[in-house]
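The chain contents come next:
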Amino acid sequence: MADEEDTVSGSVRRSWWDPVLSTVGLELAALAVCGVMVLVGWPFGWLPDTEVVGFVTFVFTTGPAAELYREAAPTRRLAAVVALLAIVTAWLLVVAIADWAFPALVDRGVGALVAYLVAAPIGVAVFSWFLTEANTG
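Within every chain, residues take consecutive numbers counted from 1 along the sequence as written. With pLDDT at 70 or above as the cut-off, local features in this predicted model cover only qualifying residues; side-chain atom pairs require 80 or more to be listed or tallied, and sums for whole chains, interfaces and linings still use all residues. Each side-chain value is derived from all of the structure's non-hydrogen atoms; neither hydrogens nor water enter the calculation.

Visitor: Where do I start with the overall build of the protein chain in this structure?
Guide: Secondary structure elements follow DSSP: runs of H or I no shorter than four residues count as helices, runs of E no shorter than two count as strands, and numbering proceeds from the N terminus. Within the protein chain, the secondary structure is distributed over four helices and two strands. Overall, the protein chain shows an N-to-C arrangement of helices and strands of β-β-α-α-α-α. Relative to its full complement of 137 residues, the protein chain shows a buried share of 28%. Working rule for contacts: check all heavy atoms of both residues, and any pair within 4.5 Å makes them a contact. In the protein chain, the share of contacts with a sequence separation of at least 24, taken over all contacts with a separation of at least 6, comes to 70%. For the accessible areas, the method is Shrake-Rupley and the probe is 1.4 Å, while residue cover comes only from the protein chains on display. Summing over all exposed atoms, the protein chain offers an accessible surface of approximately 8800 Å²; the carbon and sulfur share of this is 71%. The classification of residues rests on relative accessible area computed with a 1.4 Å probe and restricted to protein chains. Under 20% of the type maximum is buried, over 50% is exposed, and intermediate values are partly exposed.

Visitor: Got a minute to help me understand the environment of threonine 57 in this structure?
Guide: Counting through the fold element by element, threonine 57 comes out in helix α2 (residues 50-71). Here the alpha-carbon distance between threonine 57 and glutamate 27, two residues 30 residues apart in the chain, equals 5.8 Å. Not counting residues within four places of it along the chain, the set of residues in contact with threonine 57 comprises Glu27, Ala30, Leu31, Tyr116 and Leu117.

Visitor: Can you walk me through the nonpolar core in this structure?
Guide: Nonpolar side chains in soluble globular proteins generally cluster together in the buried interior. Here the nonpolar core consists of buried residues drawn from Ala, Val, Leu, Ile, Met, Phe, Trp, Tyr and Cys, with membership extended through side-chain atoms lying within 4.5 Å. Formed by Val20, Leu68, Ala72, Ala79, Ala83, Val124, Ala125, Phe127 and Leu131, the largest nonpolar core amounts to nine residues. Put simply, the parts of the chain that give this core at least two residues each are α3 (76-101) and α4 (110-136). For this core, the leading source of residues is α4, giving four residues. Alanine 79 has contacts with Phe127, Phe130 and Leu131, leaving out every residue within four places of it along the chain. Core analysis: the next-biggest nonpolar cluster, separate from the first, contains six residues, Cys34, Val56, Leu113 and Leu117 among them.

Visitor: Help me understand the layout of surface pockets, please; the structure alone is not making it clear to me.
Guide: Picture a little ball the size of a water molecule; that probe, rolled over the atoms, points out where space is still empty. Space inside the second largest pocket adds up to approximately 320 Å³. Those elements giving two or more residues to the lining of the second largest pocket turn out to be α2, α3 and α4. Classifying every residue of the lining of the second largest pocket gives 11 nonpolar, four polar and no charged. Points on a 1 Å grid over protein atoms alone make up a cavity when a 1.4 Å probe fits among them but cannot get out, and a pocket when they form an open set with protein on both sides within 12 Å along at least five of seven lines; lining residues each have an atom within 4 Å of a point. Grid points are joined across faces, edges and corners, and a volume is the space filled by probe spheres set on the points. Asp, Glu, Lys and Arg are counted as charged, while Ala, Val, Leu, Ile, Met, Phe, Trp, Tyr, Cys and Pro are counted as nonpolar; the rest, among them Gly, fall into the polar class.

The structure is reproduced here in structure tokens:
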């Protein structure tokens, strides 16, 4: 599906899944950067904690959501609230499932990191979908 140009405002409306794919791609890039950090630090005895990996991933993945928020109409506040609720719900569910499935990894924070990696694209998807529905409806 091609991008559509809105004749009234001149803005380009994109598919709701484009920012989601961008978010997932940026998450993979952040994990690759963290992998390089591990390869560089490993010979010196330094391995990053899950908090470092989570922070690096967060910094990488804020771009698509920030761009959506900047380009959105006045409905963006409600869309942001709905997206944050979706992120929190998905994060809590994935943390609970990951901690239940892998109890040995609870202390290392792996469940929280996996939950963020799953919840970020879900939040962007909800945000983008909500804004798309608000603009077309």
